[in-house]
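Coordinates in review
For reference, the chains in residue letters:
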Amino acid sequence: MLKDPIEAPAAKTSRSKPSRSRHHFVIAALRSPMKIGGFLPSSRGLARAMAAGVDLKRPGHVVELGAGTGVVTHALLQAHVPAERLVVLERDERLHEIICGHFPQLNVLQADAIELDTVLEKIGVTKVCAVVSSLPFLVMPEPVRNAIQAQMAKVIGDNGVIVQFTYGPKSPILPAQMKALHLEGKRMKLVIGNVPPAHVWLYSRIKA
Ligand SMILES: C[S@@+](CC[C@H](N)C(=O)[O-])C[C@H]1O[C@@H](n2cnc3c(N)ncnc32)[C@H](O)[C@@H]1O
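Predicted model only: the values in this text are computed from it and were never measured.

**Considerations on the overall build of the protein chain**
Counting its secondary structure elements, the protein chain contains eight helices and seven strands. Its C-alpha atoms give the protein chain a radius of gyration of 16 Å, within 12% of the compact-globule value 17 Å for 208 residues. Of all 208 residues assigned to the protein chain, the portion counted as buried reaches 50%. Sequence separation of 24 or more characterises 65% of the internal contacts of the protein chain that already satisfy a separation of 6 or more. Taking the average place of the 26 positive charges on the side chains of the protein chain and the average place of its 16 negative ones, the gap between the two points comes to 7 Å.

**Overview of helix 3 (residues 44-51)**
Of all the residues in helix 3, the buried ones are Leu46, Ala47, Ala49, Met50 and Ala51. Where helix 3 is buried, its residues touch helix 4 (71-78), strand 4 (128-133), strand 5 (161-166), strand 6 (183-191) and strand 7 (198-205).

**Things to note about the nonpolar core**
Core analysis: the biggest nonpolar cluster contains 30 residues, and Met50, Val62, Leu76, Leu86, Val132 and Val200 have the highest contact counts within it. Within the residue set of this core, elements represented by two or more residues are helix 3, helix 4, strand 2 (86-90), strand 4, strand 5 and strand 7. In contact with leucine 86, not counting residues within four places along its chain, are His61, Val62, Thr73, Leu76, Leu77, Val81, Leu106 and Asn107. Leu65, Leu120, Val128 and Ile173 belong to the second largest nonpolar core, which has 28 residues in total.

**Observations regarding the pattern of salt bridges**
Throughout the structure, instances matching the rule amount to six salt bridges. Salt-bridge contacts for aspartate 112 lead to arginine 91; the nearest nitrogen and oxygen are separated by 3.5 Å. One end of the pair, aspartate 112, is in the loop between strand 3 (107-110) and helix 6 (116-122); the other, arginine 91, is in the loop between strand 2 and helix 5 (93-102), and 21 residues separate them in sequence. Its salt-bridge partner being aspartate 117, residue lysine 154 comes within 2.5 Å of it at the nearest N-O pair. In this pair, lysine 154 is assigned in helix 7 (residues 142-155) and aspartate 117 in helix 6, connecting sequence segments 37 residues apart. Classification of lysine 154 by relative accessible area gives exposed; the value is 53%. One salt-bridge network, held together by shared partners, links Asp55, Lys57 and Arg58.

**Considering the sheet that holds strand 1 (residues 61-65)**
Taking strand neighbours across the sheet as the criterion, the seven strands line up as 3-2-1-4-5-7-6 in an open arrangement whose pairing is mixed. Strands at the two margins of the open sheet, each flanked by one partner only, are strand 3 and strand 6. Going from strand to strand, the sheet's axes swing by 20° on average, the running direction of each strand aside. Sheet topology places strand 4 next to strand 5; four bridges connect them, and they run parallel. Within strand 5, the position partnered with serine 133 by the bridge is glutamine 164. Contacts from helix 3 reach strand 4, strand 5, strand 6 and strand 7, with the element oriented near 150° to strand 6. The strands that helix 7 touches are strand 1, strand 4, strand 5, strand 6 and strand 7; relative to strand 4, the one it contacts most, it runs at about 155°.

**Quick look at the site of the ligand**
For the ligand, the set of nearby residues contains 22 residues, the closest of which are Ser42, Gly66, Glu90, Asp112 and Ala113. Contacts to the ligand include glycine 68, whose backbone N or O atom sits 3.5 Å from an oxygen atom. In this structure, a nitrogen atom belonging to the ligand sits 3.3 Å away from a side-chain N or O atom of arginine 91. Burial of the ligand by the surrounding chains reaches 98%, relative to a free accessible area of 600 Å².

**Here we look at the side chain of glutamate 90**
Of note, glutamate 90 is situated in strand 2. Buried and unpaired, glutamate 90 has arginine 91 as its nearest opposite-charge partner, separated by 6.2 Å. Here glutamate 90 is in contact with Gly66, Ala67, Gly68, Leu95, His96, Leu109, Gln110 and Ala111, once residues within four sequence places are set aside.

**Description of the packing of helix 3 against helix 4**
Two numbers describe how helix 3 lies on helix 4: the axes approach to 8 Å, and their chain directions differ by 55°. In this view, helix 3 runs oblique relative to helix 4, as classed from their interaxial angle. Seen from above, helix 3 lies across helix 4 with right-handed handedness. Where helix 3 abuts helix 4, its residues Ala47, Arg48, Met50 and Ala51 lie against Val71, Val72, Ala75 and Leu76.

Calculation notes
Residues numbered from 1 in each chain as written. Predicted model: local features only at pLDDT ≥ 70, side-chain atom pairs only at ≥ 80, totals over all residues. Heavy atoms only, no water. Helix = DSSP H or I, 4+ residues; strand = E, 2+ residues; numbered from the N terminus. Rg over C-alpha atoms; globule rule 2.2 N^0.38 Å. Buried < 20%, exposed > 50% of the residue type's maximum accessible area, 1.4 Å probe, protein only. Contact = heavy atoms within 4.5 Å. Lys, Arg positive; Asp, Glu negative; His and termini not counted. Charge placed at Lys NZ, Arg CZ, Asp CG, Glu CD. Core = buried A, V, L, I, M, F, W, Y, C linked by side-chain atoms within 4.5 Å. Salt bridge = Lys/Arg side-chain N within 4 Å of Asp/Glu carboxyl O. Pairing = 2+ DSSP bridges. Axes fitted to C-alpha atoms, helices over the stretch in contact; angles between N-to-C directions. Near = heavy atom within 4 Å. Polar contact = N/O pair within 3.5 Å; in protein donor to acceptor, adjacent residues only side chain to side chain. Areas by Shrake-Rupley, 256 points an atom, 1.4 Å probe, with all protein chains shown as cover. Parallel < 35°, antiparallel > 145°, perpendicular 65-115°, else oblique. Left-handed = near helix turned anticlockwise from the far one by under 90°.

In structure tokens form, the structure reads like this:
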């Protein structure tokens, strides 16, 4: 059984790794709320709902964007995503360090999702079966959001999917952007137990 980076019980005598991770997440969020996009890591229920969107029968890598403290990363591994098929991106330096510490077996990159195709090309990833994203699109400037979503749509090719959660009521990829990127989307799940409640969306290429 993998050790959960967030939810494992705290040690009695000193601050445990999970509580340190949460502490660093909260500090990062307070320092740059518009960059982190939330004040608490996702719940295990939300992380599991995200991982459920991945179909490992499709060929290619699973790419996680905005890993934070690694709660979704952990759920992906629990859902049997092989370590060698998982690539994790986190832009924040301290959170990146934390993820590397929790998951030494994984390819964890400190990078901006806006450069996703270049980053994947550099490490030789040519096929992606799923992009699993916790990126905070609700707080991003529109041009940045659109550019990142275009990158996500590009790397999944014709057969991959995008899994994205949002705290908002609407699709985090807006209808006009979905149309421009030839994507269709559906709401997979509402996770009421998350704080705040979150919707998980699944996008795939419109078939001709
Ligand atoms: C709402 S938090 C989610 C963290 C974690 N996946 C979870 O569910 O608890 C969003 C994360 O995305 C990262 N992030 C934001 N913009 C990014 C970008 N352009 N490229 C890569 N990571 C980014 C933030 O640093 C933060 O860790």
